[in-house]
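An overview of the molecular structure
Each chain, written out:
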Amino acid sequence: MEPVQGRKLAEYNRIHRETEELYHMIALDRGISDSAFTILYTLCELGDGCLQKDICNVAYTSKQTVHSSIRKLEEEGYLTLEQGRGRDKHIYLTKAGEKLIKEKIIPIMQAENLIFETMTEEEGEELIQLSKKYLSLLRENINISEKENICAGRSAGKQL
């Protein structure tokens, strides 16, 4: 079979895979799983008291992965859950969780912010706009709406 992939797509995919691998290595280097890194990172974005579904929607991670990671972080003493309305449970960092985030997550966010500070304003905006355009066109071309993607089971999206 002849390669179907064009040069630009191959390079884009390589960069995407390398970025994913870098975040995996960052999590490993900090002694936490990829999913724990994602949960803690997203908690930094959303703040204490958010819901599991909030994390799922922001992190584009399946409910099952988020749920099991939250349970594990709770068992390890980094999170507590408090009952909200109905079945909703609000997620809060413990003192140990706050310490973990300060040591393991915030330095990464600071490094990421530094990247955008190093770029010109135009470069940062162009990166964001082109990434959004690529994602939108990909969804359009394979007929998957954003709503279908959000928290509908990330693993289903990987079967494409």
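Residues numbered from 1 in each chain as written. Predicted model: local features only at pLDDT ≥ 70, side-chain atom pairs only at ≥ 80, totals over all residues. Heavy atoms only, no water.

Some points on the pairing of strand β2 (residues 79-83)
Here 5 bridges tie β2 to strand β3 (residues 89-93), and the two strands are oriented antiparallel to one another. Bridge pairing in β3 places L81 opposite I91. Counting the residues between successive antiparallel strands, the hairpin from β2 to β3 contains 5 residues, one of them, G86, with a positive phi of roughly 60 degrees. (Pairing = 2+ DSSP bridges. Helix = DSSP H or I, 4+ residues; strand = E, 2+ residues; numbered from the N terminus.)

Quick notes on the sheet that holds strand β1 (residues 50-51)
Ordered in space as β1-β3-β2, the 3 strands form an open sheet in which the pairing is antiparallel. This sheet does not close on itself; its edge strands, each paired only once, are β1 and β2. Helix α2 (residues 34-46) contacts β1, β2 and β3 of the sheet and is inclined by roughly 95 degrees relative to β3. (Contact = heavy atoms within 4.5 Å. Axes fitted to C-alpha atoms, helices over the stretch in contact; angles between N-to-C directions.)

Some details on the packing of aromatic side chains
Two descriptors summarise a pair of aromatic rings, namely the distance from one centre to the other and the angle between the planes of the rings. On inspection of all chains with the given rule, the structure shows 3 aromatic pairs. For the ring pair Y12 and Y134, a centre distance of 4.3 Å and an interplane angle of 35 degrees mean the geometry is tilted. Of this pair, Y12 sits in helix α1 (residues 7-29) while Y134 sits in helix α7 (residues 121-142), and the two are 122 residues apart along the sequence. For Y12, a relative accessible area of 36% corresponds to the partly exposed category. Relative accessible area serves as the criterion here: at 32%, Y134 is assigned to the partly exposed category. Considering the side-chain rings of Y23 and F37, the 6.3 Å spacing of their centres and the 50 degrees angle between planes classify their relative orientation as tilted. With Y23 in helix α1 and F37 in helix α2, this pair connects stretches of sequence that are 14 residues apart. An aromatic cluster of at least three residues, connected via ring pairs, comprises Y23, F37 and Y41. (Phe/Tyr/Trp six-rings, centres within 6.5 Å; stacked < 30°, edge-to-face > 60°. Buried < 20%, exposed > 50% of the residue type's maximum accessible area, 1.4 Å probe, protein only.)

By themselves these figures say nothing about function.
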